[in-house]
Amino acid sequence: MFEGLSKYLSIVLDYSVVLEYSNGVCFDELINLFNDYGIECYVNDTFKILHKCVVAQQDPKDKYVQTSMRNLMQTLLTTNRLHLVNTCNTEHFIEQVNELNESCLLTTSRSIFFKRLCEKKIEYNKDVAILSPKGFRIYPTLAEAIEDNPLPSVSGLAQNDTFLDSDARANIDDVVLSTEGDKFTLVKRLSGGAEGMVFTTDNSRYVAKIYHSGVITPLRWAKLKKLQALGITSPEFCVPRHLLYFRGMPVGYTMPLGKGTTLSNVFDGPDAMIEQFPYWTRLDVCETLLSLISKYLYLHMHDVVAGDIQLKNALIYTSAVQYLIDMDSVQISNLPCPVGTEEFTDPKLWGKDFSGFVRSLEDEDYSIAMLVFSILFCGLHPYATRNGAETLREEIINKNFPYTLDNSDTEHIPVGGYDHIWEYLPERLRVMLYKTFREGKSYEAVCWRDAVQVYMNELENCVYDDPEAYKLFPCEDYNQASIDVNDVRAQLEARKAKGNKAVEPKPAAEKKSFANAPTGRFVSSSVGTSSSFRPVRFDDDKPADTPQKSNSPFVPAGTTGNAAPAAPAEPAKKKKFFGLF
């Protein structure tokens, strides 16, 4: 399939190729291509970040991704042909790889990367090879690739206001059938809303959402079919598993039951935060945020834009486990999300009919930025001010972001310790938030995840001397958890020393680690002298792990000594295996 790529000296590889084609012979052909022709491979930070997002979801349908990634890394790392460009920004990445001679970009038609190229109209002066349902094709210019694989226009179903259902309503003890012929008995009503009701079923793995009459439009049903066809079975995505019929008419779908409470019930100021999770610190806040952004990026990789991101549309069980709910309203492909929450939506979209257009990834970037601020500030809105305008809407329109980069003006910051939260954030995050909400700059969702990951690593490695930096509300006299910095550092040093102890070496044939493998090389001088090119170093992100044990360094305020009282038992966190990453 890839014979036409053999003429290039280097390939700029998009992660979508690994995700979408790992389960097939064409990926083996790609690896053979690198092997047989000695082609150099260039990726950026987004490549490995997206891989971490995929692996973190632990979805069975992605079981071949890690194997394929491992095989690809073995091929490229051991021959010094993998190069990492240190940026998450699409424009910066393209600017650097534009310097390469005789190179080609290899991507897919529905990838995040290709969509960014289309949306931003970035200039790329090399060939573009695209894998799509239509096959494989190499285009001499990016413009021709976009012309042949344009961004989709909104589906005509969005304007179809007819309904597919009948007057027959399924209720308790009724039996509904799936498309595959599976039977589900509705056992107990769990909740109800404007759209329908949720029931437990005789299958403990699923609950059923049954719509009210006059709710199922052709757009909604088509969207449910596409969501089911994605094959996502991770329980933390409450997407359709089975489409349900009653008396031959569509009535709803099954989904896994999310656990916990909505983010809005937890991230609602100091009282709610400390009541729900009394042993939390900044590290737990970061872990929660990292997990949420990873989930939205995972959806983006499947041609899904959440659209209506807000704190009410996710449940939180622990800092490591959250559930995305109300998934039947998302945008998938050209089937739009018809709803939106003004406070989380880019003002340029206000007043528009959400069902009348396809939202871009940049539209979603704004909502992700809102999510980042709201979680880091424990539920506060970025434009919430003191002594400001009469309405939040006015503050948003005027970009009255009350925080400054030099912390010189705190007059309009709401009381409650939010000025100290801002003060203790790392500079990178403060700059990104300030430029977003004060200057209107847009950062890609993957850039937000990267910045949060760095902040989380700093907290985990205890790089800050001031213990206030680790509190949910620094410098505030709340009954909140704190840490003993010296104790944590001592534990880290002890673990490091233990890990450095000499062990008996295993036979070479049994080694599975790539710790001693070549990690890439600097780009040759013919490529340019840009400092963006660095040797490849795919280091693992260390998972957050702050168990509440008797010798935990996390000490609730008001206690004495280094021992914290026993915390309520929480379910074990999922194991995350990132392979070479």
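Structure shown above.
Here goes a summary of the coordinates provided. By convention here, each chain's residues receive numbers from 1 onward along its written sequence. Per-residue local features of the predicted model are confined to residues with pLDDT of at least 70, and side-chain atom pairs are confined, for both listing and counting, to 80 or more; whole-chain, interface and lining totals are unaffected and use all residues. Excluding hydrogens and water, the side-chain figures rest on all heavy atoms present in the structure.

**Section: helix 12 (residues 361-376)**
Phase 1: Helix length check: helix 12, at 16 residues, gives a terminal C-alpha distance of 22 Å against a target of 22 Å (1.5 Å per residue), a fit within 8%.
Phase 2: Burial classes follow relative accessibility: with a 1.4 Å probe on protein chains only, a residue under 20% of its type's maximum area counts as buried, one over 50% as exposed, and anything between as partly exposed. Starting at the N terminus, helices and strands are each numbered in turn, a helix being any DSSP run of H or I of at least four residues and a strand any DSSP run of E of at least two. Taking burial as the measure, the 16 residues of helix 12 include 15 buried ones, the bulk of the element.
Phase 3: Positive backbone phi, at 55 degrees, marks Cys378, one or two positions downstream of helix 12. Here the expected span of a helix is defined as 1.5 Å times the quantity of residues minus one.

**Focus on the sheet that holds strand 13 (residues 261-262)**
Phase 1: Here, a strand pair is defined by DSSP locating no fewer than two bridges between the strands. Across the sheet, three strands lie side by side as 13-15-16; this open sheet has antiparallel pairing. Pairing within the sheet leaves two strands with one partner each, and these edge strands are strand 13 and strand 16 (322-324).
Phase 2: Looking at chain direction, strand 13 and strand 15 (residues 314-316) are connected through two bridges and run antiparallel. Residue pairing in the sheet places Thr262 in a bridge with Leu315 of strand 15.

**Structural notes on the pattern of salt bridges**
Phase 1: For this document, the term salt bridge refers to a Lys or Arg side-chain nitrogen within 4 Å of an Asp or Glu carboxyl oxygen. Summed over all chains, the structure comprises 18 salt bridges.
Phase 2: The salt bridge partner of Asp363 is Lys348, with a shortest N-O separation of 3.8 Å. With Asp363 in helix 12 and Lys348 in the loop between strand 17 (331-332) and helix 12, this pair connects stretches of sequence that are 15 residues apart.
Phase 3: One continuous salt-bridge network, built from bridges that share partners, spans Glu195, Lys209, Arg220 and Asp328.

**Brief notes about the environment of Ala306**
Phase 1: Here Ala306 is to be found in the loop between strand 14 (304-305) and strand 15.
Phase 2: Among the residues examined, Ala306 registers a relative accessible area of 8% and is labelled buried.
Phase 3: With 53 residues separating them along the chain, Ala306 and Arg359 place their C-alpha atoms 9.5 Å apart.
Phase 4: When checking whether two residues touch, look at their non-hydrogen atoms; a contact exists if any pair is within 4.5 Å. Apart from residues lying up to four places away in sequence, Ala306 is in contact with Tyr296, Val330, Gln331, Cys337 and Glu364.

**Comments concerning the pairing of strand 2 (residues 40-44)**
Phase 1: The buried fraction of strand 2 amounts to five of the five residues, a majority that puts the element mostly inside the structure.
Phase 2: Here strand 2 shows two buried faces, one formed by Glu40, Tyr42 and Asn44 and the other by Cys41 and Val43.
Phase 3: Direction of pairing for strand 1 (residues 10-13) relative to strand 2: parallel, over a ladder of three bridges. Bridge assignment links Ile11 to a residue of strand 2, and that residue is Cys41.
Phase 4: As defined by bridge partners, strand 2 adjoins strand 3 (residues 82-85) across four bridges and the pair is classed as parallel. Following the sheet pairing, Asn44 is matched in strand 3 by Val85.

**As for helix 11 (residues 282-300)**
Phase 1: Between the first and last C-alpha of helix 11 there are 27 Å, a value that for 19 residues agrees with the 27 Å anticipated at 1.5 Å per step.
Phase 2: When you tally the buried positions in helix 11, you get 19 out of 19 residues, the bulk of the element.

**Let's talk about the environment of Phe377**
Phase 1: Within the fold, Phe377 resides in the loop between helix 12 and helix 13 (392-397).
Phase 2: Residue class for Phe377 comes out buried when judged on its relative accessible area of 0%.
Phase 3: Separated by 40 residues in the primary sequence, Phe377 and Gly417 have C-alpha atoms spaced 9.5 Å apart.
Phase 4: Those residues in contact with Phe377 that lie beyond four places of it in its chain are Tyr403, Tyr418, Ile421, Trp422 and Leu425.

**Looking at the pairing of strand 8 (residues 183-192)**
Phase 1: The sheet contact formed by strand 7 (residues 175-178) and strand 8 spans three bridges and is antiparallel. Across the sheet, the residue bridging to Val175 is Thr185, located in strand 8.
Phase 2: As consecutive antiparallel partners, strand 7 and strand 8 are separated by four residues, and within that stretch Gly181 has a phi angle of approximately 95 degrees, a positive value.
Phase 3: Strand direction decides the pairing type here: strand 8 and strand 9 (residues 196-201), joined by five bridges, are antiparallel. Bridge pairing in strand 9 places Leu186 opposite Thr201.

This is a description of form; function is not addressed.
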